[in-house]
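Architecture and fold: a report
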Protein chains: 2
Amino acid sequence: MTVTIRDIAKYAQVSVTTVSRVLNNRYDVKDATRAKVTKAIEDLGYSPNIVARGLVLQRSHVLGFIVPDITNQSFPELARGIVQRARGLGYSVMFYDTDHDRRVEKEAIKLLRSKQVDGIIVSFNESNTEELERLKQENFPIVQIYRKSSHSVVPTIALDNVSSAYAATKYLISLGHKRIGHISTGTDVQSGAERLEGYRKALEEAGILFVPELVQTGINTAESGRECMMNLLKLAKLPTSVFACHDIMAAGAYDAILSQGLRIPEDISVIGHDNIQISELLHPKLTTMDTFKYQLGEKGVDLLVEQIEGKDLPRMEIECNTDLVVRESVARIV
Amino acid sequence: MTVTIRDIAKYAQVSVTTVSRVLNNRYDVKDATRAKVTKAIEDLGYSPNIVARGLVLQRSHVLGFIVPDITNQSFPELARGIVQRARGLGYSVMFYDTDHDRRVEKEAIKLLRSKQVDGIIVSFNESNTEELERLKQENFPIVQIYRKSSHSVVPTIALDNVSSAYAATKYLISLGHKRIGHISTGTDVQSGAERLEGYRKALEEAGILFVPELVQTGINTAESGRECMMNLLKLAKLPTSVFACHDIMAAGAYDAILSQGLRIPEDISVIGHDNIQISELLHPKLTTMDTFKYQLGEKGVDLLVEQIEGKDLPRMEIECNTDLVVRESVARIV
DNA sequence: TTGTACGCGTTATCAC
DNA sequence: GTGATAACGCGTACAA
């Protein structure tokens, strides 16, 4: 049925070794034989069985990628960075969506290992740390993306959330804003805590008093962002601008503001975070912090492959900067 | 290094056959021996090598999934449907992003086959038909999603675009609209052609004259949607509503309309198509046609697995309906 | 420069 | 019930 290396060996009247050699571009094979083999491969329509090769080489050239929810808006670009970089380095990637379920995540890891992936990238910050550290102790190549873990042994690609939120807030301040609201995911979420910290740091540095009621806490959905913004709009003295810690929440904030008949940015400025695709589709276009998700994915693969191919000691943590993307949702205070 | 079936056979003092038997839950093994083996597996922390198993079983339980661009907004839900259904059926999925490059697509197919996937799902409508038909002739399990191909031999999951566009247009007509613009991707794109046809059909049926200048053709981006809408807004007599053949283009249309100081839906109603995530984040929320992408993915996997496990003759084409999602962007003409 | 034989980890066949 | 042993398709010592 399937044509194997042995078939083409027979057809080309050489040994399997020779076939294997031309397949892997070895030098020590005469041009004539190489031609014979190449022709046989052509004639028989041979396609190498990479799985069998992996079995003997103990390397599958497949990477595992686990996310809690593909539907998360940061996912597509991140995934693209991962998949394309992997392809460039000769790896395929196998996908798992855990639906935020830790048991599924554990199962996915197990399955991925059974499928002999060479390493695993786990993204987003909900996953089971113990699980990952156990893997790392077994010396299994692994990378986590988006979670910083100062005393962890697991190689990590993370965002410098504090600096990023600091920059966003500072941008508002530089345009004259003093009464700045913050829509947060709260201190229970790592990125939420860090972005809140950056927000406070910027205020403090500018000598602006931190007002607790200007910080509204919700979850990372548009509806929650809308509610947070509604609360802000109920304040006796409105903020002149709002920093939402995720673009999705900023979109919800838009809805709240616009449905109250207020204008963006004339009445209230809004700045988001993440620069996901929708930020450019909102009207007015959302000013936000770009997180370079594609590059994050690339770096994740690099970090993983460093471990797999184990040249030198793998780096433990790569912290990535973000960048302000000025669009239309922030105005100067006159 | 890695612990194999042989190690646990030795440890449990049985043969590898017996180990394999308990691993696969065969009946013909005494409880006592089963216990011994189970304990050995536990003690040694054994994890089966599914790849080796696949080698002898000639089945990898891995599906290939090829898309031209993960970043396409329809992707996440589709992918989720695929990945989760696959998991439910005991399959993993391997991903490829071709970046709209047919050579990469061809290469991806080759690679996926080399990696011994049991079948391939190709999505979106740009791919090389010959390539797919060749695969099908070799009896290789394959499914294409989103392209209808009446005389093709390749099993297909498609949308009934004509009916869908017909329903969208008819909805506008039912609310009193007579001058209805259409933002299209043109007749060169299959979905574009079909949706245009549905639009025309609805007009015709209602006795509304088809006005060529009310149809603006562009590509599936917000910017192009904006340009199309701008052209519509230059018309001496404005349309009272617009049907955009993709939500992304509808988002661009929003931008054009709002930046001209017009209101949605009071001045112009907008209806989109696809019901991607952003449609709910726009303000006002976009009325659109839901395409059930998650289910499309599920059905794609089902159709593929039917071929792989070859129970009966596989179905050749599954056409999926869409559904109107009424939100806030369409008003009744008074 | 080329060929033989073994092993990668598993399952299936056929004995016992 | 259980155990040898031959595949599955490939790479690679080692020999020639």
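Residues numbered from 1 in each chain as written. Chains lettered and ligands numbered in written order. Predicted model: local features only at pLDDT ≥ 70, side-chain atom pairs only at ≥ 80, totals over all residues. Heavy atoms only, no water.

1. Notes on the domain arrangement of chain A
The condition that has to hold: Note that the domain bounds were set by an automatic or database domain assignment.
Structurally, chain A comprises domain 1 (5-48), domain 2 (60-159 + 292-321) and domain 3 (161-291). Summarising the inter-unit geometry, the C-alpha centres of domain 1 of chain A and domain 2 of chain A are found 37 Å apart.

2. Points about the side chain of Glu 194 of chain A
Residues and elements named next belong to chain A. Put simply, the rule reads: Helix and strand definitions follow DSSP, with helices as H or I runs of at least four residues and strands as E runs of at least two, each counted in order from the N terminus. The buried label applies to any residue whose accessible area, calculated with a 1.4 Å probe on protein chains only, is under 20% of its type's maximum; exposed applies above 50%, and partly exposed to all values in between. Polar contact criterion, stated in full: a pair of N or O atoms within 3.5 Å, where within protein one must be able to donate a hydrogen and the other to accept it, and residues adjacent in sequence count only if both atoms are side-chain atoms. When checking whether two residues touch, look at their non-hydrogen atoms; a contact exists if any pair is within 4.5 Å.
By secondary structure assignment, the location of Glu 194 is in helix H9 (residues 190-205). Residue classification places Glu 194 among the buried positions, given a relative accessible area of 12%. At a separation of 2.8 Å, a polar atom in the side chain of Glu 194 contacts the side chain of Asn 161. What Glu 194 contacts, discounting residues up to four positions off in sequence, is Lys 148, Leu 159, Asn 161 and Val 162.

3. Focus on the protein's contact with DNA strand D
Stated precisely, the cut-off is as follows: By convention in this text, a residue qualifies as near a molecule or strand provided that one of its non-hydrogen atoms is within 4 Å of it. Residues are grouped as follows: Ala, Val, Leu, Ile, Met, Phe, Trp, Tyr, Cys and Pro are nonpolar; Asp, Glu, Lys and Arg are charged; all remaining types, including Gly, are polar.
Taken together, 28 residues surround DNA strand D, and among them Ile 5, Tyr 46 and Arg 53 of chain A together with Thr 17 and Thr 18 of chain B come closest. In DNA strand D, atoms within 4 Å of the protein come 63% from sugar and phosphate. The contact in question runs from a base nitrogen of DNA strand D to an N or O atom on the backbone of Ala 52 of chain A, over 3.4 Å. Contact between DNA strand D and Ser 15 of chain B: a phosphate oxygen at 3.0 Å from a main-chain N or O atom of the residue. Those elements that provide at least two residues to the surface near DNA strand D are helix H1 (5-12), helix H2 (16-23) and helix H4 (50-57) of chain A together with helix H2 (16-23) and helix H4 (50-57) of chain B. Residues belonging to the surface near DNA strand D are distributed by class as follows: 11 nonpolar, 11 polar and 6 charged.

4. Quick word on the packing of aromatic side chains
Inclusion rule: Side-chain rings of Phe, Tyr and Trp (the six-membered ring for Trp) are treated as a pair once their centres are within 6.5 Å; stacked means planes under 30 degrees apart, edge-to-face means over 60, and tilted covers the remaining angles. Lysine NZ or arginine CZ positioned within 6 Å of the ring centre and within 35 degrees of the ring normal marks a charge as sitting over the ring.
Counted according to the given criterion, the structure contains 9 aromatic pairs over all chains. Centre to centre, the rings of Phe 65 of chain A and Phe 75 of chain A are 5.9 Å apart; their planes meet at 10°, and the pair counts as stacked. With a gap of 10 residues between them, Phe 65 of chain A in strand S1 (residues 62-67) and Phe 75 of chain A in helix H5 (residues 75-88) connect regions that are remote in the sequence. Residue class for Phe 65 of chain A comes out buried when judged on its relative accessible area of 1%. On the accessibility criterion, Phe 75 of chain A (0% relative accessible area) is buried. Each ring, one from Tyr 199 of chain B and one from Phe 210 of chain B, has its centre 6.3 Å from the other, and the planes form 75°; the classification is edge-to-face. Of this pair, Tyr 199 of chain B sits in helix H9 (residues 190-205) while Phe 210 of chain B sits in the loop between H9 and strand S7 (215-217), and the two are 11 residues apart along the sequence. Residue Tyr 199 of chain B is classed as buried on the basis of its relative accessible area of 0%. A cation over a ring is seen here: Arg 113 of chain A above Phe 140 of chain A, with NZ or CZ 4.5 Å from the ring centre.

5. Re the side chain of Ser 114 of chain A
Along the chain, Ser 114 of chain A falls in helix H6 (residues 102-114). For Ser 114 of chain A, a relative accessible area of 5% corresponds to the buried category. There is a polar contact of 3.4 Å between the side chain of Ser 114 of chain A and the side chain of Ser 47 of chain B. There is a polar contact of 3.0 Å between the side chain of Ser 114 of chain A and the backbone oxygen of Pro 48 of chain B. The residues touching Ser 114 of chain A, leaving out its near neighbours within four places in the chain, are Ser 47, Pro 48, Asn 49, Ile 50 and Val 51 of chain B.

6. A word on the protein's contact with DNA strand C
Lining the immediate surroundings of DNA strand C are 29 residues, of which Ser 15 and Thr 17 of chain A together with Ile 5, Tyr 46 and Arg 53 of chain B lie closest. Sugar plus phosphate: this is where 64% of the atoms of DNA strand C within 4 Å of the protein reside. A distance of 3.4 Å is found between a base nitrogen of DNA strand C and a backbone nitrogen or oxygen belonging to Ala 52 of chain B. Those elements that place two or more of their residues in the surface near DNA strand C are H2 and H4 of chain A together with helix H1 (5-12), H2 and H4 of chain B. The leading source of residues in the surface near DNA strand C is H4 of chain B, at 5 residues.

7. With respect to empty space enclosed by the protein
Keep this limit in mind: Cavities and pockets were defined on a 1 Å grid built over protein atoms only: a cavity is a set of grid points that admits a 1.4 Å probe from which the probe cannot escape, a pocket is an open set flanked by protein on both sides within 12 Å along at least five of seven lines, and lining residues are those with an atom within 4 Å of any such point. Grid points are joined across faces, edges and corners, and a volume is the space filled by probe spheres set on the points.
In the structure shown here, the tally under the stated rule is 2 cavities of 30 Å³ or more. Size it by volume and the largest cavity reaches roughly 130 Å³. Considering the residues around the largest cavity, the lining is formed by Thr 71, Gln 73, Pro 76 and Gln 277 of chain A together with Thr 71, Asn 72, Gln 73, Pro 76, Glu 77, Ile 276, Gln 277 and Lys 293 of chain B. Along the lines of polarity and charge, the residues of the lining of the largest cavity split into 3 nonpolar, 7 polar and 2 charged.

8. Re the nonpolar core
Put simply, the test is: Here the nonpolar core consists of buried residues drawn from Ala, Val, Leu, Ile, Met, Phe, Trp, Tyr and Cys, with membership extended through side-chain atoms lying within 4.5 Å.
Counting 89 residues, the largest nonpolar core has Ile 183, Tyr 199 and Met 229 of chain A together with Ile 183, Tyr 199 and Met 229 of chain B as the members making the most contacts within it. Contact partners of Tyr 199 of chain A, with chain neighbours within four places excluded, come to Ala 165, Tyr 166, Thr 169, Ile 180, Gly 181, His 182, Phe 210, Leu 214, Val 215 and Phe 243 of chain A. By size, the runner-up hydrophobic cluster in this structure holds 56 residues, among which are Phe 95 of chain A together with Ile 82, Phe 124 and Ile 145 of chain B.

9. Some details on the packing of H1 of chain B against helix H3 (residues 31-44) of chain B
Residue and element names in this part refer to chain B. Convention followed: As a rule, the C-alpha atoms of each element are fitted with a line to give its axis, helices using only the stretch in contact, and angles between N-to-C directions run from 0 to 180 degrees. Here the angle decides the label: under 35 degrees means roughly parallel, over 145 means roughly antiparallel, 65 to 115 means roughly perpendicular, and every other value means oblique. For a crossing to be left-handed, the near helix must be turned anticlockwise from the far one by less than a right angle; the clockwise case is right-handed.
Two elements in contact, H1 and H3, have axes whose closest approach is 9 Å; the angle formed by their N-to-C orientations is 120°. As summarised for this structure, H1 and H3 are arranged oblique, according to the angle between their axes. Helix-helix and strand crossings are classified by hand; for H1 and H3 the assignment is right-handed. Residues Asp 7, Ile 8, Tyr 11 and Ala 12 of H1 form the contact with H3, whose participating residues are Lys 36, Val 37, Lys 39, Ala 40, Ile 41, Asp 43 and Leu 44. Here the contact of H1 with H3 is built from residues that sort into 7 nonpolar, no polar and 4 charged.

10. Things to note about the interface of chain A and chain B
Quick reminder of the rule: Buried area is understood as the total, over both parts, of accessible area removed when two parts are fitted together, assessed with a 1.4 Å probe. The term salt bridge refers to a side-chain nitrogen of Lys or Arg lying within 4 Å of a carboxyl oxygen of Asp or Glu.
Contact with chain A, which involves 49 residues of that partner, is made by 49 residues of chain B. Overall, the association of chain A and chain B removes approximately 4500 Å² of surface from exposure, summing both partners, and the carbon and sulfur fraction of that is 57%. The largest contributions to the chain A side of the interface with chain B come from Arg 80, Arg 87 and Leu 281 of chain A, which together make up 15% of the buried area. The interface formed by chain A and chain B contains 10 salt bridges. The tally of links between chain A and chain B comes to 34 residue pairs in polar contact (both at pLDDT 80 or more). It is H5 of chain A that provides the largest number of residues to the side of chain A that touches chain B, a total of 8 residues. Classifying every residue of the side of chain A that touches chain B gives 26 nonpolar, 13 polar and 10 charged.

11. Quick notes on the sheet that holds strand S6 (residues 180-184) of chain B
Residues and elements named next belong to chain B. Which entries qualify depends on this criterion: Strand pairing is assigned whenever DSSP detects at least two bridges linking the two strands.
Reading across the sheet, the 4 strands line up as S7-S6-S8-S9 and stay open at both edges, with parallel pairing between neighbours. The open sheet terminates on both sides in strands that have one partner only, identified here as S7 and strand S9 (269-271). Across the sheet, the axes of successive neighbouring strands diverge by a mean angle of 20°, strand direction being ignored. Bridge analysis of strand S8 (residues 241-244) against S9 gives 3 bridges, and the strand direction is parallel. Residue pairing across strands places Ser 241 opposite Ser 269, the latter belonging to S9. Its contacts with the sheet place H9 against S6, S7 and S8, and it is angled at close to 170° to S6.

12. Quick look at the relation of the copies chain A and chain B
The cut-off we apply is this: Here the copies were fitted onto each other by least squares, based on C-alpha atoms from residues at pLDDT of at least 70 in both.
Each copy superposes on the other: chain A lies on chain B with an RMSD of 0.1 Å after a rotation of 180° and an axial shift of 0.0 Å. Such a turn and shift between the copies fits a two-fold axis. Taking the C-alpha atom as reference, chain A places Met 94 of chain A closest to the rotation axis, 2.2 Å from it.

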